[in-house]
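Descriptive analysis of the structure
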Amino acid sequence: MAAADAALPAMFKPVRAIGRSTLGALRMVGGVGMFALRGVISVFSPPWFPIQLLRQLVAIGFFSLPVVGLTAIFTGAALGLNIYTGGGRFNAEQVMPQIVALGITRELGPVLAALMLAGRVSAAIAAEIGAMRATEQIDAMRTLSTDPFRYLVAPRLLAATLVLPLLTLVADIIGVAGGWLVAVRILDFNSTIYVRNTMNFIQGWDVGSGLIKAAVFGFIVALMGCYHGYNAKGGARGVGRATTHAVVSSAILIFASDYFLTTLFTHA
Amino acid sequence: MREQWAETLMGFLVLALAAGFLVYSLTVGGVGGKPGGYDVTAKFGQVGSLAPGAAVSVAGVKVGAVSQITLDPKTYLAVAKLTLDPDVKLPSDSTAKITSDSLLGGVHVAIAPGGAADDIKPGGEIDNTQGAVDLFGLIGSVMRPQGDAAAAPTAGAAPAANPAATAPDSY
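Residues numbered from 1 in each chain as written. Chains lettered and ligands numbered in written order. Predicted model: local features only at pLDDT ≥ 70, side-chain atom pairs only at ≥ 80, totals over all residues.

Here the focus is the overall build of chain A. Looking only at helices and strands, chain A features ten helices and zero strands. Scanning chain A from its N terminus toward the C terminus, one meets helices and strands in the order α-α-α-α-α-α-α-α-α-α. Within chain A, buried positions represent 44% of all 268 residues. Restricting the contact set of chain A to residue pairs at least 6 apart, pairs at least 24 apart contribute 88%. (Helix = DSSP H or I, 4+ residues; strand = E, 2+ residues; numbered from the N terminus. Buried ≥ 20, exposed ≤ 12 C-beta atoms within 10 Å, placed from the backbone. Contact = placed C-beta atoms within 7 Å.)

What follows is the structure, encoded as structure tokens:
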């Protein structure tokens, strides 16, 4: 094989580079897929670690509430102002409550909650598991016949998938409250009418589709954190690289899957 | 550990804020008025976009809410059940009228009190009613008095772009 490589003319070098990177990308997609499959299987098969799950639920869910709440209230307020300006061009300022509610529940609530979680949780998971990998704790775990997938990966996957819809629900409420605050305090809307318009307009599916999205995003966030942490190589620098990769890849996957899920929901 | 306490506190604060706004929304935007109100009914030929939860006002002051809208299957009239503040007694010849909050906003029921000596009893009916006005039908009948306005009932912006009105759907 090496002889054949040497025999090839230099002009094939770029072609080989393209081929190598393509195969590398494919291998990575396959690796993530296999990792996800193993993760899901270990979520659904014993032994379970309920204490670990509880700890992750609190760490991922409860401690993300302040960040998610702050993001939601400012986004709702800014969205409200912008829609008021935009609506003013059609003399339709009155539709602001409805559009804010729709935008928050269908799109911004789940996506922003997921992005904050990607920054906060995905990085933390990658750093934690990456550090355990770098200090060979994962190998030690295996020698003690504890499956690192069941002990480390499964609780995080399950916790993030369960908790992000709940965070999104909070983000929906607080986001609408942000729009309401701006409308009532600055734009002189009637508080009662604003709230009533919102409540009458919103349908169950607006919120429900956002929650389904959120569950998928939660899985992605935890999966990327676990995958990059688990496969971290090369000590402290490797851990640093793993956290960056985890955040970036989960953010990109969130946006991509958001588009596809939205397409699915609007055509379903 | 101290930092954890702060975060825990913040988490509860956020939850409390969300719960507070949700409760406020449900009480304000939810169906039904104040507890302890009394119900009267009013029959309308056309309720338009009136929905349960809409306000009932006298002289612009909210005195209750629409709690239910049903169709009378015999007369094909819409029956609105209004839940009113117990402090507000309406003369029996009052008029209920469906009016718009704004051009695009919701609608509410405005009650013009009459002059009769006796009041409407709880469970009674407001006999004099005026249903919702079909705004676009009205615009259409002004724009095209000939009567084929039914072809484009929602093309509100069409005349400005196309005064000849030969193409009703100029989108």
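All names here are of chain A. It is at 8 Å that the axes of helix H3 (residues 50-61) and helix H7 (residues 148-185) come closest, and there the two elements cross at 45°. In this view, H3 runs oblique relative to H7, as classed from their interaxial angle. Considering how the two elements wind past one another, H3 and H7 form a crossing that is right-handed. Here Gln 52, Leu 53, Gln 56, Leu 57, Ile 60 and Gly 61 of H3 come into contact with H7, specifically with Tyr 151, Pro 155, Arg 156, Leu 158, Ala 159, Ala 160, Val 163, Leu 166 and Leu 167. Classifying every residue of the contact of H3 with H7 by side-chain character gives eleven nonpolar, three polar and one charged. (Axes fitted to C-alpha atoms, helices over the stretch in contact; angles between N-to-C directions. Parallel < 35°, antiparallel > 145°, perpendicular 65-115°, else oblique. Left-handed = near helix turned anticlockwise from the far one by under 90°. Nonpolar A, V, L, I, M, F, W, Y, C, P; charged D, E, K, R; others polar.)

Right, let's talk about the interface of chain A and chain B for a bit. The interface of chain A with chain B comprises 20 residues on the first partner and 21 residues on the second. At the level of elements, helix H4 (65-88), H7 and helix H8 (191-201) of chain A are the ones that each hand at least two residues to the side of chain A that touches chain B. Top contributing element to the side of chain A that touches chain B by residue count: H8 of chain A, with eight residues. Residues belonging to the side of chain A that touches chain B are distributed by class as follows: 13 nonpolar, six polar and one charged.

Nonpolar side chains tend to gather and get buried jointly when the protein is soluble and globular. Ala 113, Ala 114, Ala 160, Val 170 and Val 221 of chain A are the most contacted members of the largest nonpolar core, which totals 76 residues. If you list the elements that add at least two residues to this core, you get H4, helix H5 (96-134), H7, H8, helix H9 (204-230) and helix H10 (235-267) of chain A together with helix H1 (2-29) of chain B. Tallying contributions element by element places H7 of chain A first for this core, with 20 residues. When neighbours within four sequence positions are excluded, Val 221 of chain A is seen to be in contact with Ala 114, Leu 117, Ala 118, Val 121, Ser 122, Ala 160 and Ser 250 of chain A. Counting 23 residues, the second-largest nonpolar core is a separate cluster that includes Val 56, Val 63, Ile 98 and Val 107 of chain B. (Core = buried A, V, L, I, M, F, W, Y, C linked by C-beta atoms within 7 Å.)

Further remarks concern the packing of H9 of chain A against H10 of chain A. Residue and element names in this part refer to chain A. Axis separation between H9 and H10 bottoms out at 9 Å; the angle between their running directions is 155°. As summarised for this structure, H9 and H10 are arranged roughly antiparallel, according to the angle between their axes. Here H9 runs over H10; the crossing is right-handed. The residues of H10 that touch H9, namely those facing Ser 209, Lys 213, Val 216, Phe 217, Ile 220, Val 221, Met 224, Gly 225, His 228 and Gly 229, are Ala 242, His 245, Ala 246, Ser 249, Ser 250, Leu 253, Ile 254, Ser 257, Asp 258, Leu 261 and Phe 265. When its residues are assigned to classes, the contact of H9 with H10 shows eleven nonpolar, eight polar and two charged.

Residue and element names in this part refer to chain A. Relative to the elements of secondary structure, Ala 183 occurs in helix H7. With 27 C-beta atoms packed within 10 Å, Ala 183 lands in the buried category. Residues within four places of Ala 183 in sequence aside, it is in contact with Gly 80, Met 96, Pro 97, Phe 189 and Tyr 194.

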